[in-house]
Amino acid sequence: MTAAMILGCSGPVLTEAERVFFESVRPWGFILFKRNVESPDQVRALTASLRSAVGRVDAPILVDQEGGRVQRLGPPHWPKHPPAAAYLRATNDPLAARELARLGARLMAHELRDVGITVDCAPVLDVPTPGAHAIIGDRAYGGDPATVSQLGRAVAEGLIAGGVLPVIKHTPGHGRAGADSHHDLPVVEASREDLDAWDFAPFRALSDMPMAMTAHVVYPAIDRKRPATTSRKVVRMIRRELGFDGLLMTDDLSMQALSGSIGERARSSLLAGCDVVLHCNGKMDEMFEVAQAAPELKGKARRRADAALARLARDVEPFDPETARARLDQLLSGRREAAPGPPAGEA
């Protein structure tokens, strides 16, 4: 049996208690944070031990590797990646920024796949508005839906080309929120028309992606009582009107935007229509509650999970990471190679 949940672990090495627990409850996947990361060899050993615990070599292992403020693998063993906003800032041209964004994502995919990580919780498709909370800020690829859609797709393509699955987030849109859902429950009092035209547009444009993560945000224009993660109305809208038929996972259940016990949060999310629940902090007592609430992954949810994993490239796109890093650094710094002039004696 595989359970409809993604879990974290407490440190850089799997404890015996965690190994026994994961063998028993068999989560669909795992997620790593900075507390789990020390060196490439250590991460390789950890990802291998997590997969061994559930007896599945294809068990997805996730990480939040956006660049900028949200980067779990970083110096000294991995390079620092720019925030999402840096690509457009470097060029002020969405088409040129698209090349940069894809290149940056391809580099991240190379680094993640090398240590056994197969899913990156990126790109962020949230579109900020004036006065919104800074939790999104420079994590956004641009200041309008078209730019975010274009650069978000470039990032997703770069990850897929490198053998890593993207997760579009935070559906159906966190950019307008006036609070940080890690600490409070945001309520977005925008009309349905404004939401459709601005917040929801990038998620509709990238509805073909294999995985998406929900927003812990209330949209009264759709559901006055429940945040998207636990709202059957919002999940139905994501499926039917935004056209997303990939694997829908929750944002972290331990975030304070959600109410009730961890087990109640898990049950409410699954009843709303999420395919799998995500719990990140690695606390055994909370993971036990999640495991009690999470059913077997089956039916449509299993179909979506299998379809997502089927999009992992077996043979990745040919790639020279040193050349790619040099080119990315050059373009981000504003340097351009001089165009070749005409041969001597020609005008």
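Keep in mind that this is a model prediction, so the values were computed, not measured. (Residues numbered from 1 in each chain as written. Predicted model: local features only at pLDDT ≥ 70, side-chain atom pairs only at ≥ 80, totals over all residues. Heavy atoms only, no water.)

Asks: Give a description of the packing of helix α1 (residues 16-25) against helix α10 (residues 284-293) that names residues and reports values.
Replies: Where α1 meets α10, the closest approach of the two axes is 11 Å, and the angle between their N-to-C directions is 5 degrees. Between α1 and α10, the crossing angle belongs to the class labelled roughly parallel. Judged by residue contacts, A17, E18, F21, F22 and V25 of α1 engage M284, M287, F288 and A291 from α10. Residue classes in the contact of α1 with α10 are distributed as eight nonpolar, no polar and one charged. (Axes fitted to C-alpha atoms, helices over the stretch in contact; angles between N-to-C directions. Helix = DSSP H or I, 4+ residues; strand = E, 2+ residues; numbered from the N terminus. Parallel < 35°, antiparallel > 145°, perpendicular 65-115°, else oblique. Contact = heavy atoms within 4.5 Å. Nonpolar A, V, L, I, M, F, W, Y, C, P; charged D, E, K, R; others polar.)

Asks: Account for the sheet that holds strand β6 (residues 119-120), naming residues and giving values.
Replies: Taken together, the eight strands give a closed barrel; going around it, the order is β1-β2-β3-β6-β7-β8-β9-β10, and neighbouring strands pair in parallel fashion. This element, helix α11 (residues 299-310), spans β2 (27-32), β7 (165-171), β8 (211-214) and β9 (247-252) of the sheet and lies at about 90 degrees to β9. (Pairing = 2+ DSSP bridges.)

Asks: How would you summarise the pattern of salt bridges if you had to cite specific residues and measurements?
Replies: Scanning all chains against the criterion turns up 25 salt bridges. Close ionic contact of D58 with R56 constitutes a salt bridge, the shortest N to O distance being 3.8 Å. A salt bridge links D245 to R304; its shortest N-O distance comes to 3.2 Å. With a gap of 59 residues between them, D245 in the loop between α8 (232-240) and β9 and R304 in helix α11 connect regions that are remote in the sequence. When salt bridges that share partners are traced, they join D64, E66, R72, R139 and K169 into one network. (Salt bridge = Lys/Arg side-chain N within 4 Å of Asp/Glu carboxyl O.)

Asks: How would you summarise helix α2 (residues 40-54) if you had to cite specific residues and measurements?
Replies: Every α-helical turn comprises 3.6 residues, leaving residues that sit three or four positions apart pointing alike. Given a rise of 1.5 Å per residue, 15 residues ought to cover 21 Å, and the 22 Å separating the end C-alpha atoms of α2 matches this to within 8%. What α2 keeps buried is the set Q42, V43, L46, T47, L50, R51, A53 and V54. Along the long axis of α2, the arc covered by the buried residues comes to 165 degrees, so they all point the same way. Among the exposed residues of α2, those pointing more than 90 degrees away from its buried face are D41 and S52. Buried residues belonging to α2 abut α1, β2 and β3 (61-63). Among the residues trailing α2, G55 stands out with phi positive, at a value near 70 degrees. (Expected span 1.5 Å × (residues − 1). Buried < 20%, exposed > 50% of the residue type's maximum accessible area, 1.4 Å probe, protein only. Arc of directions from axis to C-beta.)

Asks: An account of α10 is requested, with residue identities and associated values reported.
Replies: Among all positions in α10, only E286, M287, V290, A291 and A293 are buried. Each buried residue of α10 lies within a common arc of 165 degrees when the element is viewed along its axis, so the set occupies one face. Among the exposed residues of α10, those pointing more than 90 degrees away from its buried face are D285 and Q292.

Asks: Account for the nonpolar core, naming residues and giving values.
Replies: M5, F22, L50, I117, M211 and M249 are the most contacted members of the largest nonpolar core, which has 76 residues in total. With eight residues, the top contributor of residues to this core is helix α4 (residues 94-114). If sequence neighbours within four positions are ignored, M249 has contacts with I6, L62, V167, M211, A212, M213, T214, V276 and L278. Counting residues in each nonpolar core, the second largest holds 28 residues, with I168, Y219, I238 and C274 among its members. (Core = buried A, V, L, I, M, F, W, Y, C linked by side-chain atoms within 4.5 Å.)

Asks: Tell me what's going on with the environment of V63, and back it up with residues and numbers.
Replies: In this fold, V63 is placed in strand β3. A relative accessible area of 0% places V63 in the buried class. Expressed as a C-alpha distance, the spacing of V63 and I31, which sit 32 residues apart in the sequence, is 5.5 Å. Those residues in contact with V63 that sit more than four places away from it in its chain are I31, L32, R72, L73, L112, I117, V119, D120 and C121.

Asks: Can you break down the pairing of β2 residue by residue, with the values?
Replies: Within β2, six of the six residues are buried, leaving the element largely enclosed by the surrounding structure. Bridge count for strand β1 (residues 3-7) against β2 is three bridges, and the pairing is parallel. Pairing of I6 across the sheet is with G29, part of β2. For the segment spanning β1, α1 and β2, crossover handedness is right-handed. Pairing of β2 with β3 involves three bridges; the strand directions are parallel. Its bridge partner being in β3, L32 is matched across the sheet by V63. Running through α2, the crossover from β2 to the neighbouring parallel element β3 is right-handed. (Right-handed = clockwise from strand over helix to strand, strands pointing away.)

Asks: Quick rundown of unusual backbone geometry? Include the residues and the values.
Replies: Glycine aside, a negative phi is what most residues show, and trans is what most peptide bonds show. Residue A122 is joined to P123 through a cis peptide bond whose omega torsion reads 10 degrees. Mapped onto the elements of the fold, P123 is located in the loop between β6 and α5 (145-161). Here the amide bond leading from K169 into H170 is cis, since omega sits at 0 degrees, within 30 degrees of zero. One non-glycine residue with positive phi stands out, namely R26, at about 50 degrees. Residue placement: R26 occurs in the loop between α1 and β2. Of note, N92 is a non-glycine position whose phi angle comes to about 55 degrees, a positive value. Inspection of the secondary structure assignment puts N92 in the loop between α3 (85-91) and α4. Given a relative accessible area of 68%, N92 falls into the exposed group.

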